[in-house]
Amino acid sequence: MPGSPLRGQQRAGAPRALGRWDAMEYDEKLARFRQAHLNPFNKQLGPRQHEQRASEEAPDFASEEALPELPPGEPEFHCTERVMDLGLSEDHFSRPVGLFLASDIQQLRQAIEECKQVILELPEHSEKQKDAVVRLIHLRLKLQELKDPNEDEPNIRVLLEHRFYKEKSKSVKQTCDKCNTIIWGLIQTWYTCTGCYYRCHSKCLNLISKPCVRSKVSHQAEYELNICPETGLDSQDYRCAECRAPISLRGVPSEARQCDYTGQYYCSHCHWNDLAIIPARVVHNWDFEPRKVSRCSMRYLALMVSRPVLRLREINPLLFNYVEELVEIRKLRQDILLMKPYFITCKEAMEARLLLQLQDRQHFVENDEMYSVQDLLDAHTGRLSCSLTETHTLFAKHIKLDCERCQAKGFVCELCREGDVLFPFDSHTSVCTECSAVFHRDCYYDNSTTCPKCARLTLRKQSLFQEPGPDVDA
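Definitions and cut-offs
- Residues numbered from 1 in each chain as written.
- Predicted model: local features only at pLDDT ≥ 70, side-chain atom pairs only at ≥ 80, totals over all residues.
- Heavy atoms only, no water.
- UniProt positions renumbered as here; feature names shortened; annotations may be inferred.
- Buried < 20%, exposed > 50% of the residue type's maximum accessible area, 1.4 Å probe, protein only.
- Helix = DSSP H or I, 4+ residues; strand = E, 2+ residues; numbered from the N terminus.
- Contact = heavy atoms within 4.5 Å.
- Lys, Arg positive; Asp, Glu negative; His and termini not counted.
- Salt bridge = Lys/Arg side-chain N within 4 Å of Asp/Glu carboxyl O.
- Polar contact = N/O pair within 3.5 Å; in protein donor to acceptor, adjacent residues only side chain to side chain.
- Pairing = 2+ DSSP bridges.
- Axes fitted to C-alpha atoms, helices over the stretch in contact; angles between N-to-C directions.
- Phe/Tyr/Trp six-rings, centres within 6.5 Å; stacked < 30°, edge-to-face > 60°.
- Lys NZ or Arg CZ within 6 Å of the ring centre and 35° of its normal.
- Parallel < 35°, antiparallel > 145°, perpendicular 65-115°, else oblique.
- Left-handed = near helix turned anticlockwise from the far one by under 90°.
- Nonpolar A, V, L, I, M, F, W, Y, C, P; charged D, E, K, R; others polar.
- Core = buried A, V, L, I, M, F, W, Y, C linked by side-chain atoms within 4.5 Å.

- The protein has the name Phorbol-ester/DAG-type domain-containing protein in an unreviewed UniProt entry, where Felis catus is given as its organism.
- In its Function (unreviewed entry) section, the UniProt record describing the protein reads: "Positively regulates lysosome peripheral distribution and ruffled border formation in osteoclasts. Involved in bone resorption."
- For the record of the protein, the UniProt heading Sequence similarities (unreviewed entry) holds the text "Belongs to the DEF8 family."

What follows is the structure, encoded as structure tokens:
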């Protein structure tokens, strides 16, 4: 009936009953949604575990009945806790498990132990465990980087005349000369010989059998001047010339590689197909094409490249007839040797240190016969001729123009007594081989008589050694 209070109560309670029913239907739909859209990152769960997880995540209807009813004026589905249930309540800003902020070695060690413990506690093959393992690796790398080098390995090791120093560079990728593998400087300790630049792991130090090449350079600095002096594999007993490993030209058990410098055969561990200029080919053929050499020969040639040990006039005197650059360089070197006495006795030249212009080629101010492989290479490319010409011009300018003391040591041609002051390094002069007097070239060769200065010196010597006369005795 319209005026019945029961109908008024039912009419007033109808919205509340309808809202509770809709809430229950919503919870069922949410449970089905979660069951159908499980976490795609958890790949280790089976069907039974999925059902168990879905049952655990299903809403508790009994507890839902105990919830207080909403007031009539409020919307039925305005529930903050239900919205947060959709996954938005996850803490994305909390510190991940095993992430430690360690700044020194002690804290790093403690962080590593805690990370190990976390790995053992996490489920096996889980994503969190994998992340923890990655963090453990990073912590150990950081510990290796900060660790004091004096704790594990010494800074200096001396083996077979090698003087090894521990390298501190972590970013440069090198190759071990002993085991032929990459040196990972970030996590591995490695050493470099300061003499021959031999590089190896710390674990390979005790396996080195080849002495330092610098000792050979210091005691016996000479080249093999025969072009590729091959004697055959049978003379090596079909073994590597350095490590004595079995080798053959067929590549079984190891490939035999020939060194163009020594002519011997090496295995792939001792011969990396490095390229180097062969001194014998340069001296005899003026050939600067790089050839394949062994590691030991490469280090030896690198250390010997700037050593003046080649006497070209004795090894191949005909080379000066075919290489014009060598003739020009020899003349410049002879002129510099003639300028050297001026600088030694000149105070201004000593203060200006003019002779240090040739400090990289010190043998140029000592003789004009010895050459290094680097000298011949620079002569072939033209760099040596240009640099020597500039140095020659600088030296001549000091002697003839800038320094009055050096100008006073010039010569006047005693044959014609004309012209300017002459110096022994001038291109139009000739020098007496006996007394070092300087004349015009034309005057010296046109005059058939002897050198005037030599004649005076001869008369002076005769007068000094002449027996005294009777008047002198009285």
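1. Some words on helix α10 (residues 295-304)
And then number 1: Counted residue by residue, α10 has eight buried out of ten residues, so it is predominantly covered.
And then number 2: Close packing links the buried residues of α10 with α8 (213-219), β8 (265-266), β9 (274-276), α9 (279-285) and β10 (291-293).

2. Some details on unusual backbone geometry
And then number 1: Located in the positive-phi region is D237, a residue other than glycine, with phi close to 60 degrees.
And then number 2: In the Ramachandran plot, R244 falls in the positive-phi region, its phi being about 65 degrees despite a non-glycine side chain.
And then number 3: As for its placement among the helices and strands, R244 is situated in the loop between α8 and β7 (257-258).
And then number 4: By relative accessible area, R244 is classed as partly exposed at 39%.

3. Brief notes about helix α15 (residues 373-381)
And then number 1: By the burial criterion, the buried members of α15 are V373, D375, L376, D378 and A379.
And then number 2: Where α15 is buried, its residues touch α9, β11 (310-311), α11 (312-315), α13 (324-344), β12 (370-371) and α16 (383-402).
And then number 3: Downstream of α15 by a residue or two, G382 has a phi angle that is positive, lying close to 95 degrees.

4. Side note on the side chain of R333
And then number 1: With respect to the helices and strands, the residue R333 is situated in helix α13.
And then number 2: The buried charged residue R333 lacks any salt bridge, with D375 as its nearest oppositely charged partner at 5.2 Å.
And then number 3: There is a polar contact of 2.9 Å between the side chain of R333 and the backbone oxygen of M370.

5. Description of the sheet that holds strand β5 (residues 190-193)
And then number 1: Reading across the sheet, the four strands line up as β1-β2-β5-β6 and stay open at both edges, with antiparallel pairing between neighbours. On the outer flanks of this sheet lie β1 (156-159) and β6 (199-201), each paired with one strand and no other. For this sheet, the mean inter-axis angle between neighbouring strands, taken without regard to orientation, is 30 degrees.

6. What to know about the packing of aromatic side chains
And then number 1: All chains considered together, the criterion is met by seven aromatic pairs.
And then number 2: Their ring planes at 75 degrees and their centres at 4.8 Å tell us that F343 and F395 sit as a pair that is edge-to-face. Here F395 lies in helix α16 and F343 lies in helix α13, a separation of 52 residues in the sequence. Each member of the pair, F343 together with F395, is buried.
And then number 3: For the ring pair F423 and F425, a centre distance of 5.6 Å and an interplane angle of 25 degrees mean the geometry is stacked. Take F423 and F425: they sit in the same class, and that class is buried.
And then number 4: Site record: aromatic cluster; members linked through ring pairs are Y342, F423 and F425.
And then number 5: It is R295 that lies over the ring of W272; its NZ or CZ is 4.0 Å from the centre.
And then number 6: In this structure, R330 is placed above the aromatic ring of F320, and the distance from its NZ or CZ to the ring centre is 4.6 Å.

7. With respect to the pattern of salt bridges
And then number 1: Counting across every chain of the model gives 19 salt bridges.
And then number 2: A salt bridge links E289 to R291; the shortest N-O distance between them is 3.6 Å.
And then number 3: Across the salt bridge formed by E369 and R313, the nearest N and O atoms sit 3.9 Å from each other. Pair noted here: E369 is in the loop between α14 (347-352) and β12 and R313 is in helix α11, with a separation of 56 residues, a long-range link.

8. Topic: the pairing of strand β2 (residues 162-166)
And then number 1: Residues H162, F164 and K166 of β2 are buried on one face, while the alternating residues R163 and Y165, pointing to the opposite face, are not.
And then number 2: Between β1 and β2, which pair antiparallel in sequence order, lie two residues; one of them, L160, sits at a positive phi of approximately 50 degrees.
And then number 3: Across three bridges, β2 lies against β5 in antiparallel orientation. Within β5, the position partnered with Y165 by the bridge is T192.

9. A short note on the packing of α13 against α16
Between two packed helices, what matters for the description is the angle formed by their axes and the separation of those axes.
And then number 1: Viewed as axis vectors pointing N to C, α13 and α16 meet at an angle of 30 degrees, and their least axial separation amounts to 10 Å. Judged by the inter-axis angle, α13 sits roughly parallel to α16. Crossing angle aside, the handedness with which α13 passes α16 is left-handed. Two secondary-structure elements touch here, α13 through E328, I329, L332, R333, D335, I336, M339, Y342 and F343 and α16 through L384, S385, L388, T389, H392, F395, A396, H398 and I399.
And then number 2: Classifying every residue of the contact of α13 with α16 gives eleven nonpolar, four polar and three charged.

10. What about the nonpolar core?
And then number 1: With 70 residues, the main nonpolar core has L312, L326 and L376 as its most contacted residues.
And then number 2: Sort the elements by how many residues they give to this core and α13 lands first, with seven residues.
And then number 3: By size, the runner-up hydrophobic cluster in this structure holds eleven residues, among which are L108, I112, I119 and L136.

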